[in-house]
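# Notes for the structure review
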Amino acid sequence: ADRNFERRNSKMQQDVRYRQPYRDDPNAPPVQLESFAHAGLASPASALETTEDWKKQQGRTGGRTSVLQYISNCCTSSKITDDEGPNGRYYRDDFNDHAWTCNFGTTDEHGIWLNQADPAGTVMAMMVWILLGYSCLTITLLAQTGGIPPYQSFIYTILVVLALACHVKTSFTDPGSVPAAAVPTEEQRKTDRLSMCSQCQTFKPPLSHHCRICNRCISRMDHHCPWMNNCVGAANLKHFFLFLIYTWSCSVYCLLLLGWNYFFCASEDCEFNLVLTQLVRIMTFLCVGAFLFTSSMIMNVIYGILTGIGTIDRLKKKATNTMSESEEEPIPLTDIFGIGPWYTWPFPVDPLFDDFDRVMGFSTPQRLLREQILREQGMSNSGGGVAIGNYSPV
């Protein structure tokens with residue numbers, strides 16, 4: 001027992017969270033260290049793994065690449081991976097600053113993000129599953145009765161599965177909540193336009209808003225969507241946008257299938273029976289409504305990306321007639337879909353941001369402390385010089 005205690009104590013001493021708190025060093029070299037982390041529940045990371053530790057790990061595994069490492073390498077840009085490490089321009093910050101517990105909520109103590117304060121939003125989120133499931137069932141019955149080819153039903157089912165997967169990711173992904181320990185980034189400290197949230201009593205990043213339903217400040221908040229039962233912010237905008245795209249595709253594809261059957265059906269094999277006729281009528285009504293709604297939402301999201309102005313900010317600027325005075329810049333696609341390979345963009349996987357602090361608009365003392373230790377280690381490795389590499393996130 002004493003040996004286990006000593007082992008845990010040594011690990012605590014090596015862990016940066018138990019070292020001295022972060023301090024601004026005015027004499028620090030002008031090197032910009034940035035964090036690179038996944039969005040959602042995965043928190044920003046530790047950049048303290050050295051090359052020697054990696055070599056030891058490779059020696060224990062016999063130099064073989066595990067399945068998880070292979071998947072991680074496939075989902076990360078090779079350009080960034082090759083330029084990662086003590087002598088590169090990037091470092092990987094995958095340290096989990098949050099305590100992981102198996103409970104649901106929207107506070108820092110909850111391990112799984114889920115809004116439980118809005119019963120109406122919960123019902124509306126369940127309705128999305130019911131309606132998409134109903135459409136998938138109707139298309140499947142049409143394929144079984146010969147109304148449409150089976151392969152078209154299979155394609156529609158894939159679209160529905162992708163839409164529901166994106167819905168789950170949007171609902172259960174932290175949209176970019178600002179933690180209580182949030183502090184301004186180094187770039188933000190150079191300006192005087194810093195503010196605090198009167199509700200959370202924490203630092204309020206630019207373009208963030210306090211959601212009264214989630215009871216949290218959300219970075220780059222666009223709006224609170226009751227159909228998702230969650231806010232749409234910097235961390236889950238990709239999943240929300242993909243959900244709109246796949247739902248729009250489902251409605252268009254379904255209308256095309258029904259229209260093809262209606263205009264080109266020339267035999268009794270493709271005619272609907274009495275039950276299917278009623279199901280198709282309801283299905284047509286739902287598809288038209290979904291098409292109109294998702295089309296307007298897609299245009300709304302694209303406008304926000306091109307202008308950098310979210311829905312809430314746009315409504316406020318229109319109310320005060322200050323749209324022409326906007327200083328926001330367009331949102332880069334890498335700040336939405338991440339810097340991973342392009343084939344990961346259409347799937348509901350968490351994006352990998354090149355600079356987590358810049359995308360979220362805030363940093364944390366723990367992450368700044370890790371960067372400070374990394375800077376000190378880089379200076380010691382370079383003999384006290386300033387040229388330690390321009391670290392950026394991976």
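Reading the values: rules and limits
Residues numbered from 1 in each chain as written. Predicted model: local features only at pLDDT ≥ 70, side-chain atom pairs only at ≥ 80, totals over all residues. Heavy atoms only, no water. Phe/Tyr/Trp six-rings, centres within 6.5 Å; stacked < 30°, edge-to-face > 60°. Buried < 20%, exposed > 50% of the residue type's maximum accessible area, 1.4 Å probe, protein only. Salt bridge = Lys/Arg side-chain N within 4 Å of Asp/Glu carboxyl O. Helix = DSSP H or I, 4+ residues; strand = E, 2+ residues; numbered from the N terminus. Expected span 1.5 Å × (residues − 1). Core = buried A, V, L, I, M, F, W, Y, C linked by side-chain atoms within 4.5 Å. Contact = heavy atoms within 4.5 Å. Axes fitted to C-alpha atoms, helices over the stretch in contact; angles between N-to-C directions. Parallel < 35°, antiparallel > 145°, perpendicular 65-115°, else oblique. Nonpolar A, V, L, I, M, F, W, Y, C, P; charged D, E, K, R; others polar. Polar contact = N/O pair within 3.5 Å; in protein donor to acceptor, adjacent residues only side chain to side chain. Left-handed = near helix turned anticlockwise from the far one by under 90°. pLDDT = per-residue confidence, 0-100. Disulfide = S-S within 2.5 Å.

A separate point is the packing of aromatic side chains. The tally for this structure, following the rule as stated, stands at five aromatic pairs. Ring centres of Phe 337 and Trp 345 lie 4.9 Å apart, and the angle between their planes is 10°; on these two criteria the pair is classed as stacked. Here Trp 345 falls in the partly exposed class, since its relative accessible area comes to 25%. Through a chain of ring-to-ring contacts, three or more aromatic side chains come together here, namely Phe 241, Phe 337 and Trp 345.

Under the defined criterion, the tally for this structure stands at seven salt bridges. A salt bridge links Glu 187 to Lys 190, with the shortest nitrogen-to-oxygen separation between them at 3.6 Å. Judged by its relative accessible area of 63%, Lys 190 falls in the exposed class. Asp 354 is paired through a salt bridge with Arg 358; the nearest N and O atoms lie 2.9 Å apart. Given the relative accessible area of 23%, Asp 354 is considered partly exposed. A network of salt bridges, in which partner residues are shared, links Asp 335, Asp 354 and Arg 358.

One non-glycine residue, Gln 201, lies in the positive phi region at around 60°. Along the chain, Gln 201 turns up in the loop between strand S4 (195-196) and strand S5 (203-204). Among the residues examined, Gln 201 registers a relative accessible area of 55% and is labelled exposed. A positive phi angle, close to 60°, is found at Asn 215, a residue other than glycine. Looking at where Asn 215 falls in the secondary structure, it is placed in the loop between strand S6 (209-211) and strand S7 (216-218).

Attention shifts here to the environment of Leu 352. Along the chain, Leu 352 turns up in the loop between helix H10 (334-337) and helix H11 (356-360). Distance in space between the C-alpha atoms of Leu 352 and Pro 341 is 9.9 Å, their sequence separation being eleven residues.

Another aspect to go through is helix H6 (residues 150-172). Across its 23 residues, H6 extends 33 Å between first and last C-alpha, which sits within 8% of the 33 Å expected from 1.5 Å per residue. Regarding H6, the residues found buried are Gln 152, Ser 153, Tyr 156, Leu 159, Val 160, Leu 162, Ala 163, Leu 164, Cys 166, His 167, Thr 170 and Ser 171.

Counting 42 residues, the largest nonpolar core has Ile 139, Tyr 156, Phe 240, Phe 243 and Met 283 as the members making the most contacts within it. Listed by contribution, the elements that provide at least two residues to this core are helix H5 (119-144), H6, helix H7 (237-264), helix H8 (274-307) and H10. Per-element accounting of this core gives the leading share, twelve residues, to H7. Core analysis: the next-biggest nonpolar cluster, separate from the first, contains twelve residues, Val 178, Ala 182, Cys 217 and Ala 234 among them.

As a further point, take the environment of Ala 180. Note that Ala 180 resides in the loop between H6 and S4. With 72 residues separating them along the chain, Ala 180 and Asp 108 place their C-alpha atoms 7.9 Å apart. For Ala 180, the residues in contact, after removing those within four places along its chain, are Asp 108 and Thr 202.

Once that is clear, we can look at H8. Helix length check: H8 (34 residues) gives 50 Å between terminal C-alpha atoms against 50 Å at 1.5 Å per residue, within 8%. Of the residues flanking the end of H8, it is Gly 308, one or two places downstream, whose phi is positive at about 75°.

Let's shift gears to the packing of H5 against H6. Closest axis-to-axis distance for the H5/H6 pair is 9 Å, and the angle between their directions is 170°. When the interaxial angle is binned, H5 and H6 end up roughly antiparallel. Across the interface between the two elements, Ala 125, Val 128, Trp 129, Leu 132, Ser 135, Cys 136, Ile 139, Thr 140 and Ala 143 of H5 pack against Pro 150, Ser 153, Tyr 156, Thr 157, Val 160, Ala 163, Leu 164, His 167 and Val 168 of H6. In terms of residue class, the contact of H5 with H6 is made up of 13 nonpolar, five polar and no charged.

All right, on to the side chain of Ser 208 then. Note on placement: Ser 208 falls in the loop between S5 and S6. Reaching out from Ser 208, the side chain makes a polar contact with the backbone oxygen of Pro 205 at a distance of 2.5 Å. Each residue touching Ser 208, except ones within four places of it in the same chain, is listed here: Ile 218, Ser 219, Arg 220 and Met 221.

Let us look at the side chain of His 209. With respect to the helices and strands, His 209 occurs in strand S6. One polar contact links His 209 to Asp 313, side chain to side chain, over a distance of 2.7 Å.

Look at H5 against H8: their axes get within 10 Å of each other, and the N-to-C directions meet at 135°. Considered as vectors, H5 and H8 are oriented oblique to each other. Both H5 and H8 take part in a crossing whose hand is left-handed. Here Leu 131, Tyr 134, Ser 135, Thr 138, Ile 139, Leu 141 and Leu 142 of H5 lie close against H8, whose contacting residues are Leu 276, Leu 279, Val 280, Ile 282, Met 283 and Leu 286. Considered class by class, the residues forming the contact of H5 with H8 number eleven nonpolar, two polar and no charged.

Here we come to the confidence of the model for the protein chain. Caution applies to low-pLDDT parts of the model: their predicted coordinates are not meant to be read in detail. On average, residues of the protein chain score 76 in pLDDT, and 68% of them reach the 70 mark or higher. Every residue in residues 4-72 scores below 50 in pLDDT, and together they form 120 contacts with partners more than four places removed in sequence or on other chains. Considering only residues more than four positions removed or in separate chains, one finds that residues 384-394, a stretch of pLDDT under 50, has 49 contacts.

Let us look at the state of the cysteines. Counted by the stated rule, this structure contains zero disulfides. Free cysteine Cys 217: the closest other cysteine sulfur is in Cys 197, separated by 3.2 Å.

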